[in-house]
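Structure at a glance
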Amino acid sequence: MPDNKKMIITSALPYSEAIPHIGNFVGSILPADVFYRYTELAGYDSIFICGSDQHGTPIEIRALKEGVAPERLADSVHERMKEIFGKFECRFTYYGKTHSESNKKAVYEIFGALERNGYIKSVESVMPYCNIDKRFLTDRYIEGKCPYCGFEGARGDQCDNCGRLLTPGELVDPYCGLCHNKDIEFKKTMNLAIELDKLQPDILEFVKGRMGSWSKNAANKTISYLGQGLEAREITREMKWGFPVPKEGFEDKVFYVWFDAVIGYIGISMEWSDKWKDYWKNPETRLIQFMGKDNIEFHTMMWPGLLIGANLGYVLPHTIYAYEYLTAKGLKFSKSRGVGLNMENALEIADADYWRFALMYLSPENSDTDFTIALFVDIINKVMNDKIGNYVHRVLTLLKNSKLRVEDLKTDIGQMPKAIKLRESYVNNFEGFRIREALRDLVAIADLGNEMISNKKPWEIVGKDGVLPGNEENARSMLGSLVRLVYHIGMLMWPFAPEASKKILRRFGVEKPGISLLDNEIEALDLEGLEPIFTKFSEKQLKKLEKFEES
RNA sequence: AGCGAGGUAGGGUAGUCUGGAGUGCCCGCCGGGCUCAUAACCCGGAGACCGGUGGUUCAAAUCCACCCCUCGCUACCA
């Protein structure tokens, strides 16, 4: 139940190299958005912060290859992502980006504090250096022959042929992955690192106090990592693209992308509004963070570690919720391997509401979940259409035929214990981050409605042209109850399928949905131009989809 | 190899923390009902040695040990 505490909801920042696929979406931004919409529905004072993660090697290298400035490349992808998230009805309070003045300010502030407080040290490493390109090469961008299987073209991090993890020094006859010359030498270089080992006791205390409300995978993985002991982690890199390090001797380096990406939550909020402080510097605020399971250690240890070390009064994460993966035919969705469906293509198949609903219905909250078109179509046709859409439509049609007016309807929710129970379950499930279960509760309300119709047989007392004489009282309470459930569905559907929700609520004159409204009498009823709120996939579309799945 | 997550009817899941008759849900299947509705809806039924083996217990899907299988992470990707 809502209290007066503020809430910051974040999704892991999507990397702006390419358009995310639906696996990325369902694993972070979608649940964050759905949860944020729930907090609005429940009446919390919450903000939803996200943005594009723009720094890092892949973008710099790609920009180099395409002959454009990294910033231009990152910004163009950022604009496309912003647009596509908008099309998916994501309701960010603010969607920013990491390459911004405000984020630079936040990064410098936190770095400065960490240094002042004695948590930064320099570490020496030896890295391959290309004398032609005049730059250090990260593991991915040095290539050569695999020392194990002899494969030509193995990368410094891994051999694609035998799958072994490698280090650049192991490669036989290494060459630069950019210019393909062999004029490479291994040179010493210095980088800055955050001393997580020093922060370990504080991080451990933080984790112990909070992990009760984390997802199982996040909690267990963190315990396991902490048991092994944290080590200093580098926060600077040998690159041009990023924020220059403001420290003598390191000016030619930039901050490592993970460092300014997590700080981005703050930096982006700063750009949003002066009100950012009311949330970030308020010890009561709950910071709720959604992400894929690959992001766990950054959020449970490194990010809290740097906040604790900086000691600037920023709130620490309250809830960390990490999602498993959506897979396609058992394979992890992957841009590089061409597995899965990107968000732009997805909209050619179905509108945002359908994707949001179906993806949350399949949400990989507890384990990897296999996505198939057949399953997707099933959810749309059977669940959204046959259960929910059809229920809403049959009730509204009955109501229209009955010619009853809104003030005739008796809609005493107190007489509907099952509906109240489902509504409570919906709220409890959201509060416990069991979002998929909350969605099941919503579906169960439609099930309840369909069952009520069968039991009460309203067609026996409502004709095509009004209520049959002598049945007025009965019709008023019967239809009142049925429409009450439609009202509930419209309201509780809002986090999942906002467009359909709006379509329903508009008929009841509700502009801004809220759970507290569910106890009020329905005040308006507009039954003009009734049509089903969802439509099914036709046989024709199905065949098209099957072809799509083949490729 | 280490670590994390899973293995429950034909398929997909919940239940496992906090042991108590295999209990629930979705799809599919079989039978019946209904006609307000999107050929939709409702009711009933069949279908599971709860991955395996051993142990603890009056009692194990649930706790313990070992084993088998799947996925993921162990990246100078974020």
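Residues numbered from 1 in each chain as written. Chains lettered and ligands numbered in written order. Predicted model: local features only at pLDDT ≥ 70, side-chain atom pairs only at ≥ 80, totals over all residues. Heavy atoms only, no water.

**Considering the overall build of chain A**
What counts, and what does not: Helix and strand labels come from DSSP, where a helix needs a run of H or I of at least four residues and a strand needs a run of E of at least two; each type is numbered from the N terminus. Burial classes follow relative accessibility: with a 1.4 Å probe on protein chains only, a residue under 20% of its type's maximum area counts as buried, one over 50% as exposed, and anything between as partly exposed. Working rule for contacts: check all heavy atoms of both residues, and any pair within 4.5 Å makes them a contact. To measure how exposed things are, a 1.4 Å probe is used in the Shrake-Rupley method; for residues, cover is taken only from the protein chains shown.
Helix and strand counts for chain A stand at 17 helices and 19 strands. Based on the C-alpha atoms only, the size of chain A along its principal axes is roughly 95 × 55 × 40 Å. Counting only residues that meet the buried cut, chain A has 56% of its 551 residues in that class. Looking at chain A alone, contacts between residues at least 24 apart form 76% of all its contacts between residues at least 6 apart. When the accessible area of chain A is evaluated, it comes to approximately 24000 Å², of which 47% is carbon and sulfur surface.

**Overview of the packing of helix H13 (residues 417-431) against helix H14 (residues 435-456)**
The line we're drawing: Each axis is a line fitted through C-alpha atoms, taken for helices only over the stretch in contact, and angles between the N-to-C directions span 0 to 180 degrees. Oblique is the label for any angle not covered by the other classes, which are roughly parallel (under 35 degrees), roughly antiparallel (over 145) and roughly perpendicular (65 to 115).
Packing of H13 against H14 brings their axes to within 7 Å, and their N-to-C directions diverge by 170°. Between H13 and H14, the interaxial angle falls into the category roughly antiparallel. Residues Lys 418, Ala 419, Leu 422, Ser 425, Tyr 426, Asn 429 and Phe 430 of H13 form the contact with H14, whose participating residues are Ile 435, Glu 437, Ala 438, Asp 441, Ala 444, Ile 445, Leu 448 and Glu 451.

**What to know about the pattern of salt bridges**
The line we're drawing: Criterion for a salt bridge: a side-chain nitrogen of Lys or Arg within 4 Å of a carboxyl oxygen of Asp or Glu.
Applying the stated criterion to the full structure yields 24 salt bridges. Here Asp 45 and Lys 6 are joined by a salt bridge, their closest N and O atoms 2.6 Å apart. One end of the pair, Asp 45, is in strand S2 (residues 45-52); the other, Lys 6, is in strand S1 (residues 6-11), with 39 residues separating them in the sequence. Classification of Lys 6 by relative accessible area gives partly exposed; the value is 22%. Notably, a salt bridge pairs Lys 536 with Asp 386, separated by 2.7 Å at the nearest N-O pair. Here Lys 536 is found in the loop between helix H16 (498-507) and helix H17 (539-550), whereas its partner Asp 386 is found in helix H12 (residues 373-402), with 150 residues between them in sequence. Note on Lys 536: relative accessible area 45%, which makes it partly exposed. Beyond isolated ion pairs, a larger network of salt bridges with shared partners links Asp 33, Arg 37 and Arg 356.

**Let's talk about the pairing of S1**
This is how the line gets drawn: The handedness of a crossover follows from its direction of travel: if, with the strands pointing away from the viewer, the path from the first strand over the helix to the second runs clockwise, the crossover is right-handed. Each pair of strands is called paired provided DSSP finds at least two bridges between the two strands.
Summarising burial for S1: five of the six residues are buried, a large majority. Regarding topology, helix H1 (residues 22-42) serves as the crossover connection from S1 to the parallel S2, and that connection is right-handed. Pairing of S1 with strand S13 (residues 286-292) involves five bridges; the strand directions are parallel. Among the inter-strand pairings, Thr 10 is bridged to a residue of S13, identified as Gln 289.

**Topic: the domain arrangement of chain A**
Spelled out, the test is: In this entry, domain limits derive from an automatic or database-based domain assignment. Once two parts are brought into contact, the accessible area they lose, counted with a 1.4 Å probe and summed over both, makes up the buried area.
Segmentation of chain A into domains returns domain 1 (6-117 + 202-207 + 258-354) and domain 2 (373-517). In this structure, domain 1 and domain 2 have C-alpha centres spaced 35 Å apart. Each partner contributes residues to the interface: domain 1 has 20 residues there, and domain 2 has 22 residues. In this assembly, domain 1 packs against domain 2 so that about 1900 Å² is buried in total across both faces, 69% of it on carbon and sulfur atoms. Considering only the surface of domain 1 that becomes buried against domain 2, Tyr 38, Leu 41 and Asp 353 emerge as the three largest contributors, covering 37% of it.

**Some remarks on the protein's contact with RNA strand B**
The line we're drawing: To be near a molecule or strand, a residue needs just one of its heavy atoms within 4 Å of it. Pairs of N or O atoms are called polar contacts if they sit within 3.5 Å, as long as, within protein, a hydrogen donor faces a hydrogen acceptor (for residues adjacent in sequence, only side-chain-to-side-chain pairs). Polarity classes work like this: nonpolar for Ala, Val, Leu, Ile, Met, Phe, Trp, Tyr, Cys and Pro, charged for Asp, Glu, Lys and Arg, and polar for all others, with Gly in that last group.
Around RNA strand B sit 46 residues, and of these Asp 53, Asn 220, Asp 368, Asn 390 and Arg 394 come closest. One of the side-chain nitrogen or oxygen atoms of Lys 221 is found 3.3 Å away from a sugar or linking oxygen of RNA strand B. Between RNA strand B and Asp 294 there is a distance of 3.2 Å, counted from a base nitrogen to a backbone nitrogen or oxygen. For the surface near RNA strand B, the elements supplying multiple residues, two or more each, are helix H2 (57-66), helix H6 (216-228), helix H7 (257-272), H12 and H14. Broken down by element, the surface near RNA strand B gets its largest block of residues, 10 residues, from H12. For the surface near RNA strand B, a count of residues per class yields 14 nonpolar, 13 polar and 19 charged.

**Describing the sheet that holds strand S10 (residues 233-234)**
The strand order across the open sheet built from four strands is S5-S4-S9-S10, with neighbouring strands paired in antiparallel fashion. Pairing within the sheet leaves two strands with one partner each, and these edge strands are strand S5 (135-136) and S10. Of the pairings in the sheet, the one linking strand S4 (residues 120-130) to strand S9 (residues 184-194) comprises 11 bridges and is antiparallel in character. Across the sheet, Lys 121 pairs through a bridge with Ala 193, a residue of S9.

**Quick notes on the packing of aromatic side chains**
For any pair of aromatic rings, the description consists of the separation of the ring centres together with the inter-plane angle of the planes. Rule in force here: Put simply, two rings from Phe, Tyr or Trp (the six-membered ring, in Trp's case) pair if the centres are within 6.5 Å, and we call them stacked under 30 degrees between planes, edge-to-face over 60, tilted for the rest. Our definition puts a charge over a ring when NZ of Lys or CZ of Arg is within 6 Å of the ring centre and also within 35 degrees of the ring normal.
Per the stated rule, a full pass over the model turns up 36 aromatic pairs. Residues Tyr 38 and Phe 430 carry aromatic rings whose centres are separated by 4.4 Å and whose planes lie at 5° to one another, so their mutual orientation is stacked. Of the two residues, Tyr 38 sits in helix H1 while Phe 430 sits in helix H13, which places them 392 residues apart along the sequence. Accessibility assignment for this pair places Tyr 38 and Phe 430 in one class, buried. These aromatic residues form a ring-pair network of at least three members: Phe 35, Tyr 38, Phe 290, Tyr 321, Tyr 323, Tyr 426, Phe 430, Phe 433 and Phe 496. Over the ring of Tyr 279 we find Lys 6; its NZ or CZ atom is 4.9 Å from the centre of that ring. Lying over the aromatic face of Tyr 256, Arg 237 brings its terminal NZ or CZ to 5.2 Å of the ring centre.

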